[in-house]
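Notes for the structure review
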Amino acid sequence: MRLTLARMKAQRLEPAVRELQANGVTSLIGLVEGLNDRGIPPLKGSGPWNVVEVARLLARLAPLEAQALGLGVASEPRW
């Protein structure tokens, strides 16, 4: 799988997202609040995280998770 810059950034944020999810934060809004509360900058630009950015981050993490589990490689979403 070719690692694009966006996927590399997503991989860097994966531990924070997975920790939030492990603590019961599963909604997009909850993840937005958790990432913003931790002071983690969004993938693009500056300012706070928003729901669209978190949804895109999760979409980028899904193929990486599938590959790690040996479930094959899903295609990366095209934005």
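In what follows, the accompanying structure is described. Along each chain, the written sequence defines residue order, and numbers are assigned to residues from 1. Local features are withheld for residues below a pLDDT of 70 in this predicted model, meaning they are given only at 70 or higher, and side-chain atom pairs are given and counted only at 80 or more; totals for whole chains, interfaces and linings count all residues. Each side-chain value is worked out from all heavy atoms of the structure, with water and hydrogens disregarded.

Let us now look at the overall build of the protein. Scanning the protein for helices and strands turns up three helices and zero strands. Listed by position from the N terminus, the elements making up the protein come as α-α-α. Note on classification: 1.4 Å probe, protein chains only; a residue is buried when its accessible area is under 20% of the maximum for its type, exposed when over 50%, partly exposed between these limits. Residue burial in the protein is summarised as follows: out of 79 residues, 32% are buried. In the protein, once contacts between residues fewer than 6 apart in sequence are set aside, the share between residues at least 24 apart is 46%. Surface accessibility follows the Shrake-Rupley procedure with a 1.4 Å probe radius. Residue values consider only the protein chains on display as shielding. When the accessible surface of the protein is split by element, carbon and sulfur atoms take 56% of a total near 5,000 Å². Only runs of H or I of at least four residues qualify as helices and only runs of E of at least two qualify as strands under DSSP, and these elements are numbered from the N terminus. Residue contacts are counted whenever heavy atoms from the two residues lie within 4.5 Å of one another.

As a further point, take the environment of I40. Looking at where I40 falls in the secondary structure, it is placed in the loop between α2 (28-37) and α3 (51-68). Spatially, the C-alpha atom of I40 lies 8.5 Å from that of L13, the residues being 27 residues apart in sequence. Non-local contacts of I40, meaning those with residues more than four positions away in its chain, are made with L13, A16, L35 and W49.

This part is about helix α1 (residues 5-22). Multiplying 1.5 Å by the helix residue count minus one yields the expected span of that helix. Between its terminal C-alpha atoms α1 stretches 26 Å, which fits the 26 Å expected from 18 residues at 1.5 Å a residue. Fitting one axis to the seven residues ending at a residue and another to the seven starting there, the bend at that residue is the angle between the two axes. Where α1 bends most, the angle comes to about 45°, and this point is L13, followed within four residues by the proline P15. The set of residues buried in α1 consists of R7, A10, L13, A16, V17 and L20. Backbone geometry just downstream of α1 places G24 in the positive-phi region, at approximately 95°.

The next subject is a nonpolar patch on the surface. The patches reported here contain residues having more than 30% relative accessible area and no salt bridge. Joining distances are 9 Å for like charges and 5 Å for nonpolar side chains (Val, Leu, Ile, Met, Phe, Trp, Tyr). For this document, the term salt bridge refers to a Lys or Arg side-chain nitrogen within 4 Å of an Asp or Glu carboxyl oxygen. Residues L28, I29 and V51 make up a contiguous nonpolar surface patch of roughly 230 Å² in combined accessible area. Here L28 shows up in helix α2. Of the residues examined, L28 reaches a relative accessible area of 30% and is grouped as partly exposed.

A few words now on the packing of α1 against α2. At a closest axis distance of 10 Å, the pairing of α1 and α2 adopts a crossing angle of 125°. Relative to α2, the element α1 lies oblique. Viewed along their axes, α1 and α2 form a crossing whose handedness is right-handed. Here A16, V17, L20 and Q21 of α1 lie close against α2, whose contacting residues are L31, G34 and L35. Throughout this entry, Asp, Glu, Lys and Arg are counted as charged residues, while Ala, Val, Leu, Ile, Met, Phe, Trp, Tyr, Cys and Pro are counted as nonpolar. The remaining residues, Gly among them, count as polar. Here the residues of the contact of α1 with α2 are counted per class, giving five nonpolar, two polar and no charged. Working convention: axes come from line fits to C-alpha atoms, limited for helices to the stretch in contact. Angles between N-to-C directions cover 0 to 180 degrees. Here roughly perpendicular refers to angles of 65 to 115 degrees, roughly parallel to angles under 35, roughly antiparallel to angles over 145, and oblique to all remaining angles. Crossings are assigned a handedness: left-handed for a near helix turned anticlockwise from the far helix by less than a right angle, right-handed for a clockwise turn.

If you look at the biggest cluster of nonpolar residues, it comprises 14 residues, and the most contacted ones within it are L13, L35, I40, W49, V54 and L57. Contributing elements (two or more residues each) for this core: α1, α2 and α3. At five residues, the largest contribution of residues to this core is made by α1. Beyond its immediate stretch of four places on either side in the chain, L35 contacts A16, V17, L20, I40, W49, V54 and L57. Take the buried residues of types Ala, Val, Leu, Ile, Met, Phe, Trp, Tyr and Cys, join any two whose side-chain atoms come within 4.5 Å, and each joined set is a nonpolar core.

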